[in-house]
Amino acid sequence: MSDHLDATIYYDDDANSSQIIDKTVAVLGYGSQGHAHAQNLADSGVDVVVGLREDSASRKAAEADGLQVETPAVAAEAADVVSVLVPDTVQPDVYENAIEPNLEAGDTLQFAHGFNIHYNQIQPPEDVDVTMIAPKSPGHLVRRNYEHSEGTPGLLAVYQDATGNAKAEALAYAKAIGCTRAGVVETSFQEETETDLFGEQAVLCGGIAELIKQGYETLVDAGYSPEMAYFECLNEMKLIVDLMYEGGIGDMWDSVSDTAEYGGLTKGDVVIDDHARENMEEVLEGVQDGTFAREWIAENQAGRPSYTQLKAAERNHEIEAVGEELRGLFAWADEEETAEEKAEVSADD
């Protein structure tokens, strides 16, 4: 494995604001990322128009934030840069009906995730730039950091450089939303898409959730109380992840007790063993060869029957009921903040 950073990282001094300041940017969608991009761009002096359906619940919010709001087609027609921040599942339809008919040579298609480009669900004409600026944070933090004169790390990728200026313009966009303050890592659409999907499935969402549930079930099935199982297998996960986030895995080991460190070092790979690694490699292969993408696209076309069933089963797991009761005991369970953040991370138009 590599023991050094291979990627190029760009900062404010590497970005020239003039590359975007005189252009019109259409931000399609006003959800987690959309509201942050639109407001940060506008505050940086960029001409912004938000593209939302006529019946979108977000139209009033965008207008209240002082932004011009049009339909996606009208916004795309007016724009030099079209930032596609609607959910992956609806992007192909929005592209076909609102964006493609209004693209002109030299325009830019901007994404925050590479799924539809990488898996050929959107196939842009050869005479437009196709780029990606992807903040590595939920939108409410992208906005909050910008307002506090701080930055949010992000990713930069160029899929198609029709004008010869795609990278410079993307860096200017990244600067305008605050990402170059912290650093923007150069990648590719393929690398971003495949690592993102793998991380979600094997570790961040699927892997961690399943590890927590199985740990919880192991304790409860052995006769321990659900409350103790919840605390040990879910609640304390945040404490450990915070330590890793702030100082890496090494700092986490230094922060826990010697007993916890020895137990973790000697038993961690008993649970997450070579068989788990083989399963991860299988998951990665399904991402790389397009198996997962085809499965997800077909699932949406069929009306999401498996997704709906699996989601219901997950919400009905005993750990959810136990957790809801226990979380009410903590002072940090601020309902307004929780509701706000949940709303902002949810998918939008």
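Calculation criteria
Residues numbered from 1 in each chain as written. Predicted model: local features only at pLDDT ≥ 70, side-chain atom pairs only at ≥ 80, totals over all residues. Heavy atoms only, no water. Disulfide = S-S within 2.5 Å. Buried < 20%, exposed > 50% of the residue type's maximum accessible area, 1.4 Å probe, protein only. Phe/Tyr/Trp six-rings, centres within 6.5 Å; stacked < 30°, edge-to-face > 60°. Helix = DSSP H or I, 4+ residues; strand = E, 2+ residues; numbered from the N terminus. Pairing = 2+ DSSP bridges. Expected span 1.5 Å × (residues − 1). Arc of directions from axis to C-beta. Polar contact = N/O pair within 3.5 Å; in protein donor to acceptor, adjacent residues only side chain to side chain.

K.L.:
What should I look at first to understand the state of the cysteines in this one?
P.N.:
Two cysteines whose sulfur atoms are joined by a covalent bond form what is called a disulfide. In the structure shown here, the tally under the stated rule is zero disulfides. Free cysteine Cys 205: the closest other cysteine sulfur is in Cys 233, separated by 19 Å. Accessibility expressed as a relative area gives 17% for Cys 233, which makes it buried.

K.L.:
When you look at the packing of aromatic side chains in this model, what are you seeing that I'm missing?
P.N.:
The relative placement of two aromatic rings is captured by the distance of their centres and the angle of their planes. In this structure the tally under the stated criterion is five aromatic pairs. Seen in terms of ring centroids, Trp 296 and Tyr 307 are 5.8 Å apart; in terms of plane orientation they differ by 55 degrees. Their pairing is tilted. Of this pair, Trp 296 sits in helix α14 (residues 291–301) while Tyr 307 is found in helix α15 (residues 305–315), placing the two residues 11 residues apart along the sequence. Residue Trp 296 is classed as partly exposed on the basis of its relative accessible area, which comes to 22%.

K.L.:
Can you walk me through the pairing of strand β7 (residues 129–135) in this structure?
P.N.:
Consecutive side chains along a regular strand alternate between the two faces of the sheet. With respect to burial, β7 is a largely interior element, seven of its seven residues being buried. Of the two faces of β7, the one carrying Asp 129, Thr 131, Ile 133 and Pro 135 and the one carrying Val 130, Met 132 and Ala 134 are both buried. In this sheet, β7 lies alongside strand β6 (residues 108–111) in parallel orientation, the contact comprising four bridges. Its bridge partner lying in β7, Phe 111 is registered against Met 132. Relative to strand β8 (residues 154–160), β7 is paired through six bridges, and the arrangement is antiparallel. When the bridges of β8 are listed, Val 130 appears paired with Gln 160.

K.L.:
When you look at helix α13 (residues 274–288) in this model, what are you seeing that I'm missing?
P.N.:
Its 15 residues give α13 an end-to-end C-alpha distance of 21 Å, which sits within 8% of 21 Å, the value for a rise of 1.5 Å per residue. The set of residues buried in α13 consists of Ala 276, Gly 286 and Val 287. Buried residues of α13, seen end-on, are gathered within an arc of 105 degrees and therefore sit on one face of the element. The exposed set on the far side of α13, more than 90 degrees from its buried face, consists of Asp 274, His 275, Arg 277 and Glu 282. By the N-cap criterion, in which a side-chain oxygen at the helix start approaches the backbone nitrogen of a residue two or three places on, α13 is capped by Asp 273, the distance to His 275 being 3.1 Å. Of the residues one or two after α13, Gly 290 is the one with positive phi, at around 90 degrees.

K.L.:
How should I be thinking about the environment of Ala 176 in this particular structure?
P.N.:
Mapped onto the elements of the fold, Ala 176 is located in helix α7 (residues 166–176). On the basis of relative accessibility, which here comes to 6%, the residue Ala 176 falls in the buried class. A C-alpha to C-alpha distance of 9.4 Å links Ala 176 and Ala 15, two positions 161 residues apart in sequence.

K.L.:
Help me out: how do you make sense of unusual backbone geometry in this one?
P.N.:
For residues besides glycine, phi is generally negative; the peptide bonds are generally trans as well. With phi around 60 degrees, Ser 149 is a residue other than glycine that occupies positive phi space. With respect to the helices and strands, Ser 149 occurs in the loop between α6 (139–147) and β8. Residue classification places Ser 149 among the exposed positions, given a relative accessible area of 61%. Here Arg 304, not a glycine, exhibits a phi torsion of approximately 60 degrees, which is positive. Within the secondary structure, Arg 304 sits in the loop between α14 and α15.

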